[in-house]
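# Structure at a glance
Here is what each chain is made of, one letter per residue.
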Amino acid sequence: MAEPLLQVENLSVAYPPYDAERTVLRQVSLAVESGEALGIIGESGSGKSTVALAILDYLATGGRYLDGRIRFAGKELTAMTRRQKRSLYGREIAYVAQDPSASLNPSLKIGTQLTEGMALHLGMDAESARKKAVALLDEVRLRDPVRLLDRYPHQLSGGMQQRVCIAMALACDPSLVILDEPTTGLDAVTETAILDLLKDLKLKRRLSIILISHNLAAVAGLADAIAIMYGGMVVESGPAAPIFARPAHRYSRLLLDALPSLRAPSRALSEIPWQEASIPRTGCPFRDRCDMAIAACADEFSSAVVNESWLTRCVRWKDVLAAGPRHECASDAHDEHAFSAQIRPAGAGTTTAMPVLSVSSLVHGYGRKRLGRPEAEVRAVDDVSFELAEGETLGVIGESGSGKSTLARCVVGLVQPTAGSIRLAGKELTGFSRYPREVCRQIQIVFQNIAGSLHPRKTMSRVLARPYQLYEHRTPALDELQRLIASVGLKAHLLPKRASALSGGEKQRSALARAYAPRPSVLILDEAFSALDASMKIRVARLIRDRKQELGTSIIFITHDLPFVKYVADRLIVMYRGWVCETGRAADILSPPYHPYTETLVWAALRLEGERPATLPETAERDSTPAGAAVKGCPFASQCPRKLGTICETQSPPVRRGAEGRQIACHIPMDDLREMQLAEYPPIAIAKGARA
Amino acid sequence: MLRYLASRILYTFAILAAVSFLVFAVTELLPGNVATMILGTDATPEEVANLERLLGLDRPSWERYATWVSGVATGDFGDSLRMQRPIAPILASRLANSLLLTGVALIFVILGGLVLGTVTALNHGTRLDRTFSAVAVIGTSLPEFVTGTVLVLLFGGGLMRILPPSGYEGFSHGIWDGISHLILPALTLATIMAAYVGRIMRTTVIDVLKSEYVRAARLKGLPEWRVILRHVLPNALVPAVTVLCMNLGWMFGGIVVVEEIFVFPGIGRMMLFGIAERDWPVIQACAMVIAAAYVLGNLIGDVLALLLDPRLREAAT
């Protein structure tokens, strides 16, 4: 067999002071065959981005290669001079970063950024470089490429920016493209489109790809080979399909089992214990969290060959393999605790009691004024109504810009709604310019950016004592704080630490503990767990469920993660550009979806999971009209795969009501939709799962 | 964008109108009767009343304000009471001197601030960087009369006599003579701004160097000088230039002190003369011009920021 295009052998990388604790990569070996895609999977902090940066010779200040070598197309990268390397990067190896809006220069036109590499590496003149740039933009499926060249990055949507970044990477026809979490910031529909594009490019250009992601589903569809990383080590690597079906490392197994899926609802979400102490730096890095760990795990273990190029670093890999393929062990003991079964209230009919929170006809608009003349109002939240029963979890889903967060901000009183009413236990809240303290106590929120909402210089005990001081005018005793922090599975030794010294997962749980401390009746989680890895998410979701049963708190759960919300929520609201297009029980709404917009969300999620319902035509690139722009007719009309005709553009859709509190806003009658959708999304097990 | 510019210019005029009102009101409130001052204390009441009528002081103040403002709008600042001749021609030559001084100071600020700021940022963490940062802190904290005096002591005759400490007479005695007289006052005027702008430039360049688009540019294989010229500087200049222009007016205000130290025939000394002599039309004229320089500096800053940052251009449409 010919030598792989890129080969990383035994690479170790460390930062000052270069001790074991700061060794971020340990004996990493990887290979990318020409024309193939390698997926690197791991939690945050597993070192997967460092691998990319090491290949690109762009380690952060002080980073040093301790050991090992990197070979690209037969040449030793680590032995090259600066000049030699510079002729390689951009020309042979290209890079696409996670955040497209940050990796495009805001003050240069798209065309300039696309062509500068061509002039440099290929010696092209301006005219031919421009022609090639147009062809590239066309290749990444951007419409109107000629006009795009003269636009600035901020004038494009996130999905378009990422396509431009990919085009930029392809500018000099490289043989290897490294993509670091290329779809993390994008919504599911755009994400699917980008991944499809990558698949296409790989085939057409015989392009080699390294795709780094914590989204297992994203990698599964594209990668020929995968490497699973943990604690700076590649714990398992080899061909993608067999590993996804039946991993040979206990960590891979748990990670893959923790992946919530739309289609396989009865499968239990396995639990991986938290990483409490620091990751062991010798032996298996995962052994502290591993339920199968034995004494031998602490010894150095190079790796075992499962099958040809399939390597695992698990000492007990034979036992792990013996557990059988992943999909067969669907129902194990955990099933009893599956979310869908337990958190659902005994019957949806018990909502006769007064709702804890009721929101009706809520509108929040940004009226822009210029030189005194008011402009067309932009509505971020447009006529939203819902009720939240005691102990109920309401999921709010929709892509970015759909007004989910603005809705949350209205409910907690951070922004004042333009119209409509918000009632907490029957008490009208919209009249307050600032909520009274008691109302604040009852409605708590956990924000998406946890790190930004915890005071970095305060110790955790001060942060956590604050709600008691504020709402109860007393300073809690130490053991009370210890109980509080233990309730979210954290150890008391964190209390004297500053918030900035906590890990991401610890911050997340501390924020949750802080929000629970005043015993709120409504808890809003605004994309609070979107940045967490699959295994972490499941843990946190479990925590929320346990606490909810204890305290009877109602929860508004805002997310764009469809499979996850299915496990957590009782009822769902689907939002699009500030407008509610579908409401109903979580179990019903996804199987099948009624509203065409919900359909595109479900379709995208399923497609990510590797299933390809072929019927839905690829929706056009999300246009860049501002979210909630005042539109006549149905806001979704221009993107709708089931558009009826002009009626959708001229008349706003009627709200149709169905059984079990289900509502949709669409011109197509509910029964017709039901038939259409059932044909494509045959009832899946989730229908049975809703045993209530 | 044109509409934004139009509205900015409109704002500028509105501010100038407000300034003119304030300037007039303040001089109006100055103690002392002008006519008495001109004629001396032993003038008879008739003589005083006569002169007041001659100067138009018997008219109501709003009427005098209207005449003055319409005069200012057409470039007529009235007559100096002390010098007994029109202010406008004197003002014009003095203003030209001051603008030249500020212009030279601005060159020093750009060289010292923008260039040094960038260079130190590129050598972030080295001894050069630490030295400059320390010097910059000293520079921003020294008032002009101190720097001016120190510079005169060092170069203008105290320690060495390289540069003349005073006596600017334009370029009539040759170009070098003119320039040599400009260097010390311009340096004094530039020190604070250069240090301030340099510090801002240093931090923004450091930030931009860490940005993902600079990483993307480097990973395209671009040589470092191109990364800096094409990708770093255009983005790093925006805050520094904005601050620089916002402080242009402030710098122009600084000439009052500097011109006095170096006996420089500019608008600042003219204003001091006006104040000392209670020559209120001169004070009004100088205050108006300095205020206008301030407001125009801000306007230029806004326009430059628009040119540098396409996102602002977008927001301005």
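For the structure given in this document, a descriptive report is provided here. Source: prediction; values computed, not measured.

### Comments concerning the overall build of chain A
Helix and strand counts for chain A come out as 26 helices and 26 strands. Among the 692 residues that make up chain A, the fraction classed as buried is 56%. For chain A, restricting intrachain contacts to residue pairs at least 6 apart in sequence, the fraction spanning at least 24 positions comes to 68%. As displayed, chain A has an accessible area near 28,200 Å², and 51% of this comes from carbon and sulfur atoms.

### Structural notes on the interface of chain A and chain B
Opposite the 30 residues of chain A that make contact, chain B presents 23 residues. With both chains or domains summed, chain A and chain B bury close to 2,500 Å², and 56% of this area falls on carbon and sulfur atoms. When the buried surface of chain A facing chain B is broken down by residue, Y58, P106 and E116 of chain A rank first, second and third, together holding 24% of it. Applying the counting criterion to the chain A and chain B interface returns one salt bridge. The partner of E116 of chain A in a salt bridge is K220 of chain B, and the shortest N-O contact between them spans 2.7 Å. At the boundary of chain A with chain B, the tally comes to 12 residue pairs in polar contact (both at pLDDT 80 or more). Counting residues per element, the ones that place at least two in the side of chain A that touches chain B are strand 6 (93–96), helix 3 (100–103) and helix 4 (110–122) of chain A. Here the side of chain A that touches chain B gets five residues from one element, more than from any other, and that element is helix 4 of chain A. For the side of chain A that touches chain B, the residue count by class is 15 nonpolar, 10 polar and five charged.

### A word on helix 6 (residues 127–141) of chain B
All names here are of chain B. For helix 6, with 15 residues, the first-to-last C-alpha span of 22 Å sits near the 21 Å given by 1.5 Å per residue. Looking at helix 6, one finds that the buried residues are D129, F132, A136 and G139. Within helix 6, the buried residues cover an arc of 85 degrees as seen down the axis, which keeps them to one side. Residues of helix 6 that are exposed and point over 90 degrees away from its buried face: R127, R130, I138 and S141. Looking at the buried positions of helix 6, the neighbouring elements they touch are helix 5 (87–122) and helix 8 (175–210).

### Some remarks on unusual backbone geometry
Residues and elements named next belong to chain A. Here the amide bond leading from P16 into P17 is cis, since omega sits at 0 degrees, within 30 degrees of zero. Within the fold, P17 resides in the loop between strand 1 (6–14) and strand 2 (23–32). One non-glycine residue, E181, adopts positive backbone phi at about 45 degrees. When you line up the elements, E181 lands in the loop between strand 7 (176–180) and helix 8 (188–205). When its relative accessible area of 7% is taken as the criterion, E181 is described as buried. The backbone phi angle of D383 is positive, close to 55 degrees, even though this residue is not glycine. With respect to the secondary-structure elements, D383 resides in strand 16 (residues 378–388). Its relative accessible area of 45% is what places D383 among the partly exposed residues.

### Points about the sheet that holds strand 20 (residues 443–446) of chain A
Residues and elements named next belong to chain A. A sheet is described by the order of its strands in space; here eight strands give the open sequence 20-21-22-17-23-24-26-25, paired in mixed fashion. Both edges of this open sheet fall to strand 20 and strand 25 (655–657), since each of them pairs with a single strand only. Adjacent strand axes in the sheet meet at a mean angle of 20 degrees, parallel and antiparallel pairs treated alike. Sitting on the sheet, helix 14 (residues 404–412) touches strand 17 (393–397), strand 20, strand 21 (522–526), strand 22 (554–559) and strand 23 (571–576), and the angle it makes with strand 21 is about 150 degrees.

### Looking at the sheet that holds strand 10 (residues 233–239) of chain A
Residues and elements named next belong to chain A. Strand order in the open sheet formed by eight strands is 6-7-8-3-9-10-12-11, and the pairing between neighbours is mixed. Only two strands of the sheet have a single neighbouring strand rather than two, namely strand 6 and strand 11 (304–307). Sheet twist, expressed as the average angle between the axes of neighbouring strands with direction ignored, equals 20 degrees. Relative to strand 12 (residues 310–312), strand 11 is paired through three bridges, and the arrangement is antiparallel. From the neighbouring strand, V305 faces strand 12, where its bridge partner is L311. Relative to strand 9 (residues 225–230), helix 11 (residues 250–257) is tilted by about 100 degrees, and along the sheet it contacts strand 3 (37–41), strand 9 and strand 10.

About the cut-offs
- Residues numbered from 1 in each chain as written.
- Chains lettered and ligands numbered in written order.
- Predicted model: local features only at pLDDT ≥ 70, side-chain atom pairs only at ≥ 80, totals over all residues.
- Heavy atoms only, no water.
- Helix = DSSP H or I, 4+ residues; strand = E, 2+ residues; numbered from the N terminus.
- Buried < 20%, exposed > 50% of the residue type's maximum accessible area, 1.4 Å probe, protein only.
- Contact = heavy atoms within 4.5 Å.
- Areas by Shrake-Rupley, 256 points an atom, 1.4 Å probe, with all protein chains shown as cover.
- Buried area = accessible area lost by both parts, 1.4 Å probe.
- Salt bridge = Lys/Arg side-chain N within 4 Å of Asp/Glu carboxyl O.
- Polar contact = N/O pair within 3.5 Å; in protein donor to acceptor, adjacent residues only side chain to side chain.
- Nonpolar A, V, L, I, M, F, W, Y, C, P; charged D, E, K, R; others polar.
- Expected span 1.5 Å × (residues − 1).
- Arc of directions from axis to C-beta.
- Pairing = 2+ DSSP bridges.
- Axes fitted to C-alpha atoms, helices over the stretch in contact; angles between N-to-C directions.

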